[in-house]
Amino acid sequence: MRQDWFDEARFGMFVHFGLYSAAARHEWVQSFERLTEDDYRQYFEHFDPDLFDARALARTAKETGMGYVVLTTKHHDGFCLWDSNLTDFTSVTSARRDLVREYVEALRAEGLKVGLYHSLIDWHHPHFTLDWTHPRRDDADARAVDAGRDMAVYREYLHGQVRELLTGYGDIDYLFFDFTSPAEKDGWPGKGPEDWDAEALLALCRELQPNMLVNDRLGIPADFVTPEQYQPTAPIVRDGLPLVWEACQTLNGSWGYHRDNTDQKSATLLTQMLVDSVSMGGNMLLNVGPDGRGAIARRDAETLSEIADWMRLHRDAVIGAGHAPFTPPREGVYTRRGNRLYLSLFFWPMGVVHLPGLAGRVSYARLLNDGSWLRTSVTDPEQEADLMTPAGQADGTLSVHLPVRRPDVLIPVIELTLTD
């Protein structure tokens with residue numbers, strides 16, 4: 001099936017890079033601050049990604065245990081990281097570099113799947129009609145300006161750019177469109193599937209890249225859904241059927257580089273979010289926003305390095321794993337890969353962890369970080385608590401005995417070999 005590689009990978013890297021990276025105050029800075037084209041032009045004229053190293057980026061993703069990467073080809077500001085024939089608002093014009101080509105070649109060299117992000121929104125295009133996201137929405141002449149714009153002209157441009165991306169760089173594995181929001185806000189309309197001619201755009205994707213995954217943000221069903229900046233609490237189901245899904249998460253709340261945002265998630269929290277996603281049959285796409293010169297910020301690199309150290313020892317609990325049909329103990333979550341069940345412990349119990357329903361179903365237990373054997377036992381459910389004797393556990397409960405000292409890893413993982 002089209003998504004088999006996606007289900008196997010489980011973990012990917014999102015990369016937001018563009019002119020907003022030099023502004024260094026959120027990827028929506030042009031909209032948030034109502035910047036004019038002249039205000040924003042300085043970032044184009046001084047765009048110099050001298051430290052953008054696609055090969056190093058690909059190696060970092062691979063070392064962190066990620067199976068795919070997704071790069072912003074064009075964000076909402078309309079700036080393109082490839083050599084588009086339809087506009088000169090590109091990295092080739094400003095910096096003489098086709099960053100998409102560099103990126104695609106680097107990922108293929110590392111054996112990673114190639115993902116592209118493409119914004120449906122374009123604040124730079126002269127025929128993109130004003131809406132509640134547009135930087136010029138509060139101008140005195142905004143309504144008059146909007147009356148002279150024609151979305152049909154922009155649609156042709158949008159489809160043309162997607163065609164360029166899907167025909168100029170070989171096989172593409174994944175396309176992340178962003179975003180459809182038809183609801184009215186602040187007196188301005190949103191934009192829905194009809195604004196993009198979503199059906200025709202999806203058909204174009206299927207024609208040009210039939211094996212490529214496409215997300216749900218055209219506003220019509222496609223291959224997978226994309227909860228953003230929150231964690232689901234159960235497998236995602238629609239009409240009784242499980243959906244393929246991917247949680248999109250940031251390191252600090254901003255997608256693009258934001259120099260002064262220090263609200264950094266810890267490596268432990270991010271790893272818990274990853275394992276939690278896999279436990280519910282989902283993926284996690286973790287974002288980095290390279291700085292104005294194209295380098296990964298030190299704070300982000302340090303977090304990724306911590307996650308990489310954990311993944312080196314615990315990758316089997318994530319890659320190729322998925323939802324397990326067992327009730328986990330209160331201390332953590334389960335993931336499953338074949339006959340191996342993995343218990344990721346979000347907090348460390350004293351001496352023993354009790355696993356409902358697994359008595360007689362486990363032939364071997366060990367800590368995954370060092371492969372050390374763990375003793376298991378089953379107690380009589382009728383056993384009464386005494387001074388030094390705990391009460392028995394419910395019928396069918398397997399008890400796994402643990403060292404008092406917690407392993408020095410982000411999340412300890414117990415690997416259980418199942419008998420069936």
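Residues numbered from 1 in each chain as written. Predicted model: local features only at pLDDT ≥ 70, side-chain atom pairs only at ≥ 80, totals over all residues. Heavy atoms only, no water.

### With respect to the overall build of the chain
Rules: Note on conventions: DSSP H or I runs of at least 4 residues are helices, E runs of at least 2 residues are strands, and numbering of each starts at the N terminus. C-alpha atoms define the radius of gyration, and 2.2 Å times the number of residues to the power 0.38 defines the globule rule. Buried means the residue's accessible area, taken with a 1.4 Å probe over protein chains only, is under 20% of the maximum for its type, while exposed means over 50%, and partly exposed covers the values in between. Any two residues having at least one pair of non-hydrogen atoms within 4.5 Å are treated as being in contact. In these tables, accessible area is a Shrake-Rupley quantity obtained with a 1.4 Å probe, and a residue counts as shielded only by the protein chains included in the view.
Within the chain, the regular secondary structure consists of 13 helices and 16 strands. By the compact-globule yardstick of 22 Å for 420 residues, the chain fits well, its C-alpha radius of gyration being 24 Å. Viewed in the frame of its principal axes, the chain has a C-alpha envelope of about 80 × 45 × 40 Å. Residue burial in the chain is summarised as follows: out of 420 residues, 56% are buried. Considering only residue pairs separated by 6 or more positions, the chain has 70% of its internal contacts joining residues 24 or more positions apart. Working note: accessible area of the chain is about 18,200 Å², and carbon and sulfur atoms make up 48% of it.

### Observations concerning helix 7 (residues 99-109)
To be explicit about the condition: Working note: the arc is built from the helix axis to C-beta atom directions. We call two N or O atoms a polar contact when they sit within 3.5 Å, provided that within protein one can donate a hydrogen and the other can accept it, with sequence-adjacent residues counted only if both atoms are side-chain atoms.
Taken as a whole, helix 7 has its buried residues at Leu99, Val100, Tyr103, Val104, Ala106 and Leu107. Buried residues of helix 7 fall within an arc of 165° about the axis and therefore sit on the same side. Of the surrounding secondary structure, the elements contacted by the buried residues of helix 7 are helix 5 (54-63), strand 2 (68-74), helix 6 (91-95) and strand 3 (113-119). The N-capping residue of helix 7, defined by a side-chain oxygen 3.2 Å from the backbone nitrogen of Val100, is Asp98.

### Quick word on helix 4 (residues 37-45)
Every α-helical turn comprises 3.6 residues, leaving residues that sit three or four positions apart pointing alike. Listing the buried residues of helix 4 in full gives Tyr40, Tyr43 and Phe44. All buried residues of helix 4 fall inside an arc of 105° around its axis, so they share one side. In helix 4, those exposed residues whose orientation departs by more than 90 degrees from the buried face are Asp38 and Glu45. Contacts from the buried residues of helix 4 go to helix 2 (19-23), helix 3 (29-32) and helix 6.

### Structural notes on the sheet that holds strand 13 (residues 362-367)
Here is the rule: Two strands are counted as paired when DSSP detects at least two bridges linking them. The angle between two axes is taken between their N-to-C directions and runs from 0 to 180 degrees, where each axis is a line fitted to C-alpha atoms and a helix contributes only its stretch in contact.
On the basis of which strands lie adjacent, the open sheet formed by four strands has the order 10-11-16-13 and antiparallel pairing. With partners counted over all chains shown, the strands left at the sheet margins are strand 10 (332-337) and strand 13, one partner each. Strand after strand, the sheet turns through a mean of 20° between neighbouring axes, direction not considered. Against the sheet, helix 12 (residues 267-279) touches strand 10 and strand 11 (340-345), its axis set at about 55° to strand 10.

### Some details on the nonpolar core
Applicable threshold: Nonpolar core, defined: a set of buried Ala, Val, Leu, Ile, Met, Phe, Trp, Tyr and Cys residues in which side-chain atoms within 4.5 Å join the residues together.
Met13, Phe177, Leu286 and Trp310 are the most contacted members of the largest nonpolar core, which has 92 residues in total. With residues up to four places along the chain from it excluded, the contact list for Leu286 reads Phe11, Gly12, Met13, Phe14, Met66, Gln249, Thr250, Leu251, Leu270, Leu304 and Ile307.

### A short note on unusual backbone geometry
Residue Phe179 is reached from Asp178 by a cis peptide bond, and omega for that bond is -15°. Positionally, Phe179 belongs in the loop between strand 4 (174-178) and helix 10 (193-196). The phi dihedral of Ala24 is positive, around 65°, even though this residue is not glycine. With respect to the helices and strands, the residue Ala24 is situated in the loop between helix 2 and helix 3. We classify Ala24 as buried; its relative accessible area is 8%. Its identity is not glycine, yet Asp197 carries a phi of approximately 50°, on the positive side. Among the structural elements, Asp197 can be located in the loop between helix 10 and helix 11 (198-208).

### Things to note about the packing of aromatic side chains
Stated formally: Stacked, edge-to-face and tilted labels apply to pairs of Phe, Tyr and Trp rings (six-membered ring for Trp) whose centres lie within 6.5 Å, assigned for plane angles under 30 degrees, over 60, and everything in between, in that order.
Counted by the stated rule, this structure contains 26 aromatic pairs. An angle of 40° between the planes, with centres 5.2 Å apart, marks the rings of Tyr174 and Phe224 as tilted. One end of the pair, Tyr174, is in strand 4; the other, Phe224, is in the loop between strand 5 (213-214) and strand 6 (237-238), and 50 residues separate them in sequence. The residues Tyr174 and Phe224 share a single accessibility class, namely buried.

### A look at the packing of helix 9 (residues 151-167) against helix 11
Where we set the bar: Oblique is the label for any angle not covered by the other classes, which are roughly parallel (under 35 degrees), roughly antiparallel (over 145) and roughly perpendicular (65 to 115). Note: crossing handedness is left-handed where the near helix turns anticlockwise from the far helix by less than a right angle, and right-handed where it turns clockwise. Only Asp, Glu, Lys and Arg are considered charged in this grouping, and only Ala, Val, Leu, Ile, Met, Phe, Trp, Tyr, Cys and Pro are considered nonpolar; every other residue, Gly among them, is considered polar.
Here helix 9 crosses helix 11 at 15°, and the two axes come no closer than 10 Å. The angle between helix 9 and helix 11 places the two elements in the roughly parallel class. Judged by the twist between their axes, the crossing of helix 9 over helix 11 is right-handed. Each of Leu158, His159, Val162, Arg163, Leu166 and Thr167 in helix 9 lies in contact with helix 11, whose residues at this interface are Ala200, Leu201, Leu204, Cys205 and Leu208. Classifying every residue of the contact of helix 9 with helix 11 by side-chain character gives eight nonpolar, two polar and one charged.

### Some words on empty space enclosed by the protein
The following threshold applies: As defined here, a cavity is a set of points on a 1 Å grid over the protein atoms alone where a 1.4 Å probe fits but cannot get out. A pocket is an open set with protein on both sides within 12 Å along at least five of seven lines, and residues line them when an atom is within 4 Å of a point. Grid points are joined across faces, edges and corners, and a volume is the space filled by probe spheres set on the points.
Applying the stated criterion across every chain, the model contains two cavities of 30 Å³ or more. The wall of the largest cavity is formed by Leu251, Asn252, Ser254, Trp255, Gly256, Tyr257, His258, Asn287, Val288, Gly289, Arg299 and Asp300. Residue assignment for the lining of the largest cavity shows that the elements contributing at least two residues are strand 9 (283-288) and helix 13 (298-314). Partitioning the lining of the largest cavity into residue classes produces four nonpolar, six polar and two charged. In this structure, the second largest cavity occupies an estimated 60 Å³ of space. Together, Ile121, Asp131, Trp132, Thr133, Phe179, Thr180, Ser181, Gly190, Lys191 and Trp196 line the second largest cavity.

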